[in-house]
Amino acid sequence: MIQCTNVKKSYAIGGNTVEALKGVDLIIERAGFYAIMGASGSGKSTLLHLLAGIDSPDTGEIIIGERRIDQLNERELTMFRRSGVGIVFQQFNLIPTMTAVENVELPGILAGERGGKLRPRAMELLDRLGLADRAGHRPQAMSGGEQQRVAIARSLLFHPPVILADEPTGNLDSSSSESLWALLAELATEQEVTVVMVTHEPAAAAHCERTFLLRDGVVAGTIETRSNGDALDASGLAAEYQRLVGA
């Protein structure tokens, strides 16, 4: 379960205080593929960073599983980020001098694990994502879509129950984007993990089962994107977004 209760976060910028989140209430009760959708400046990336334990809220409660992560100290947050959540960024963040399999192993190596112990799990993940034959290639020898799949494999190394994806297709073409959205949906179902994707694209959110709409730092509405066998396409979701959010 993921639950946010009256979560607020402000930043001091140039002598001014900017309220990024003004009281977010959100609940996800079971594994699946979910979207947090909003325009630039709506607070969606800030919310993702709080869910990942990268930053802490000013006030409010954040529960991941059975843990209140807003109450964890820095050491506990480090352990949470290692095995409680996987993070996929828009920029891939792969090490250019490392091969694909070494990039997948990296979180484990940084945690003090030996590479040889990590190799079977890393190769299993690359094979699952269709990249077994690219394991020895460095990022510059792979397409953007392949690099993002390596990043997803890396996020799965420690079997986290939650995967957070921050605009994961922002650097991909439309064909690669469609493949990646389908892959995230498939992983949510097959691995029984909770995948939460931040996006501003209706085409991305249309692949999710529920979309939380953020506007001006609060959840302005939710859309059951896929329910009882019915599904909204991108244009239908965009129209519903405008109706609920008015933007």
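Draft legend 1. Representation of the pairing of strand 7 (residues 162–166) within the structure. Strand 7 sits mainly inside the fold: 5 of its 5 residues count as buried. Residues Val162, Leu164 and Asp166 of strand 7 are buried on one face, and the alternating residues Ile163 and Ala165, pointing to the opposite face, are buried as well. Note: strand 6 (residues 85–88) against strand 7, 4 bridges, orientation parallel. In the strand pairing of strand 7, Val88 is matched with Ala165. Bridge count between strand 7 and strand 8 (residues 194–199): 5 bridges; the pairing is parallel. Across the sheet, Ile163 pairs through a bridge with Val195, a residue of strand 8. In the classification by handedness, the crossover that spans strand 7, the intervening helix 6 (residues 174–190) and the parallel strand 8 is right-handed.

Draft legend 2. Structural context of the nonpolar core. One finds Phe33, Val104, Leu126, Val150, Ile152, Val195 and Met197 to be the most contacted residues of the largest nonpolar core, which totals 44 residues. A per-element tally of this core places helix 6 first, with 6 residues. When neighbours within four sequence positions are excluded, Ile152 is seen to be in contact with Val88, Leu129, Leu180, Leu183, Leu184 and Leu187. Formed by 28 residues, the second largest nonpolar core is a distinct cluster that contains Ile2, Ile64, Leu72 and Leu214.

The rules behind these values
Residues numbered from 1 in each chain as written. Predicted model: local features only at pLDDT ≥ 70, side-chain atom pairs only at ≥ 80, totals over all residues. Heavy atoms only, no water. Buried < 20%, exposed > 50% of the residue type's maximum accessible area, 1.4 Å probe, protein only. Helix = DSSP H or I, 4+ residues; strand = E, 2+ residues; numbered from the N terminus. Pairing = 2+ DSSP bridges. Right-handed = clockwise from strand over helix to strand, strands pointing away. Core = buried A, V, L, I, M, F, W, Y, C linked by side-chain atoms within 4.5 Å. Contact = heavy atoms within 4.5 Å.

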